[in-house]
Amino acid sequence: MVRFAPTSLPAGSILLLAAVMGAAGCATSIPEDALRLPESTLEIRAMQTRMFEAPAESDILIATIAVLQDMEFNIDRIEKPLGVITASKVSDADSKSEKTGLLFLDILCAAGGGSGCDASSTAQDEQAITMTITVLPSLARSGEFTVRVTMQRVIYDKMDRIRVLERIDQPTIYEDIFDNLRKSLFLQVSSQ
Amino acid sequence: MKRMRIMLSVPVVVLFAGCALTPPDVTGAGTQLEMRQIQTREYDTLDKQLTMRSVIATLQDLGFTIDQADSELGTVTATRLHQYSMRMTVTVVQKGTERVSVRANARIGEDAVTDPATYQDFFVALDKAMFLTLHQVD
């Protein structure tokens with residue numbers, strides 16, 4: 001027969017403790033609003049979308065691919081009938097000021113007699129950016145296309161642990177991409 | 001005393017059962033038909049291609065980037081990296097000559113999304129995108 005060690009805790013508390021431990025150890029919850037449109041949808045869509053004119057859909061797709069190459073992305077997939085291009089790149093996410101700060105923390109920690117001071121290993125190391133560009137021909141007017149760019153990135157630290165998962169939201173980045181696309185489209189059309 | 005022992009043994013069983021070595025999760029936990037119902041909507045439209053474009057626009061609205069899209073088989077797979085990692089596959093199938101069926105399934109990290117309300121939210125967003133695509137409103 002199994003005998004339990006005597007305990008001064010009431011049985012109810014033990015049950016509660018076990019339930020909490022069980023839940024914390026094994027269960028995860030799905031956020032309620034995981035697929036709910038955020039209130040800022042229209043604003044974000046406007047930031048990510050521009051209208052372009054081009055003789056054919058292929059012109060705008062070729063110009064877009066060239067822009068992605070200009071920005072040092074690799075093309076992962078293209079689905080031409082749907083006008084979808086997915087591209088990605090991994091680049092440096094090192095920040096000197098962050099590294100200096102963390103090194104200072106490590107020095108303080110070591111000076112205080114601490115062991116296992118490895119704040120520096122949490123420094124940002126590289127970022128993986130994925131981008132989707134969609135080209136939607138206008139149903140009403142031929143030669144008009146809506147181009148939409150969406151981006152997100154993962155930042156890893158020196159130990160390859162994920163530090164940040166985020167959508168890229170800076171409007172200036174989108175502006176720059178659309179400026180580049182405008183130039184690329186001009187070159188593409190005028191070279192024909 | 002006996003009752004006390006039973007009460008004490010419950011937390012131990014809960015602790016171990018909760019974290020026991022699990023069999024391979026291949027077939028999923030939900031009932032096949034029930035999950036299909038939760039994950040599927042039909043639309044009165046002739047155009048599979050425009051429906052797919054609406055699905056892609058919806059996924060973009062929800063912050064996803066597209067991993068893969070296949071217009072022939074009507075499949076779109078997308079990933080969202082925002083605080084957590086979420087993956088969705090949406091399929092668009094022509095039903096007869098007048099309807100299109102859209103099915104979505106989602107996972108967050110290692111958990112399947114089974115909550116009907118979450119899929120309902122997705123289809124509310126898709127309804128809007130379908131309207132915008134068909135009427136070309138931006």
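Analysis parameters
- Residues numbered from 1 in each chain as written.
- Chains lettered and ligands numbered in written order.
- Predicted model: local features only at pLDDT ≥ 70, side-chain atom pairs only at ≥ 80, totals over all residues.
- Heavy atoms only, no water.
- Helix = DSSP H or I, 4+ residues; strand = E, 2+ residues; numbered from the N terminus.
- Contact = heavy atoms within 4.5 Å.
- Pairing = 2+ DSSP bridges.
- Core = buried A, V, L, I, M, F, W, Y, C linked by side-chain atoms within 4.5 Å.
- Buried < 20%, exposed > 50% of the residue type's maximum accessible area, 1.4 Å probe, protein only.
- 1 Å grid on protein atoms, 1.4 Å probe; cavity = no way out; pocket = protein on both sides within 12 Å on 5 of 7 lines; lining within 4 Å.
- Points joined across faces, edges and corners; volume = space filled by probe spheres on them.
- Nonpolar A, V, L, I, M, F, W, Y, C, P; charged D, E, K, R; others polar.
- Arc of directions from axis to C-beta.
- Polar contact = N/O pair within 3.5 Å; in protein donor to acceptor, adjacent residues only side chain to side chain.

Draft legend 1. Highlighting the side chain of Thr118 of chain B. Secondary-structure assignment places Thr118 of chain B in helix 4 (residues 116-135). Here Thr118 of chain B is in contact with Glu32, Ala34 and Leu35 of chain A together with Val113 of chain B, once residues within four sequence places are set aside.

Draft legend 2. Here's a closer look at the pairing of strand 3 (residues 84-92) of chain A. Residues and elements named next belong to chain A. For strand 2 (residues 74-79) and strand 3, the ladder comprises five bridges, and the chain directions are antiparallel. Among the inter-strand pairings, Arg77 is bridged to a residue of strand 3, identified as Thr86. Between strand 2 and strand 3, which pair antiparallel one after the other, the connecting turn spans four residues, and Gly83 there sits at a positive phi close to 65°. Where strand 3 lies against strand 4 (residues 124-137), nine bridges are found, and the strand directions are antiparallel. Note that in strand 4 the partner of Ile85 across the bridge is Ile133.

Draft legend 3. Main features of the nonpolar core. Core analysis: the largest hydrophobic core is formed by 32 residues, its most contacted members being Leu59, Met88, Val102 and Phe122 of chain B. Those residues in contact with Met88 of chain B that sit more than four places away from it in its chain are Leu35 of chain A together with Leu59, Phe64, Val76, Thr77, Ala78, Ala104, Asn105, Ala106 and Phe122 of chain B. With 27 residues, the next largest nonpolar core counts Met47, Ala63, Val149 and Phe178 of chain A among its residues.

Draft legend 4. View of the layout of surface pockets. Approximately 290 Å³ is the volume attributed to the second largest pocket. Along the wall of the second largest pocket there are 14 residues; nearest its centre are Asp33, Arg36 and Pro38 of chain A together with Arg80 and His82 of chain B. The residue makeup of the lining of the second largest pocket, split by class, is six nonpolar, three polar and five charged.

Draft legend 5. A look at helix 2 (residues 41-48) of chain A. Where helix 2 of chain A is concerned, the buried positions are Thr41, Ile44, Arg45, Met47 and Gln48 of chain A. Along the long axis of helix 2 of chain A, the arc covered by the buried residues comes to 160°, so they all point the same way. With respect to the buried face of helix 2 of chain A, the exposed residues turned more than 90 degrees away are Leu42 and Glu43 of chain A. Residues of helix 2 of chain A that are buried sit in contact with strand 1 (49-53), strand 5 (144-157), strand 6 (162-167) and helix 5 (171-190) of chain A together with helix 3 (48-61) and helix 4 of chain B.

Draft legend 6. Quick peek at the side chain of Thr150 of chain A. Along the chain, Thr150 of chain A falls in strand 5. At a separation of 3.4 Å, a polar atom in the side chain of Thr150 of chain A contacts the side chain of Gln60 of chain B. Setting aside its immediate chain neighbours within four residues, Thr150 of chain A contacts Gln48, Thr130, Met131, Thr132 and Tyr174 of chain A together with Gln60, Phe64 and Thr65 of chain B.

Any link to function would need more than the numbers given here.
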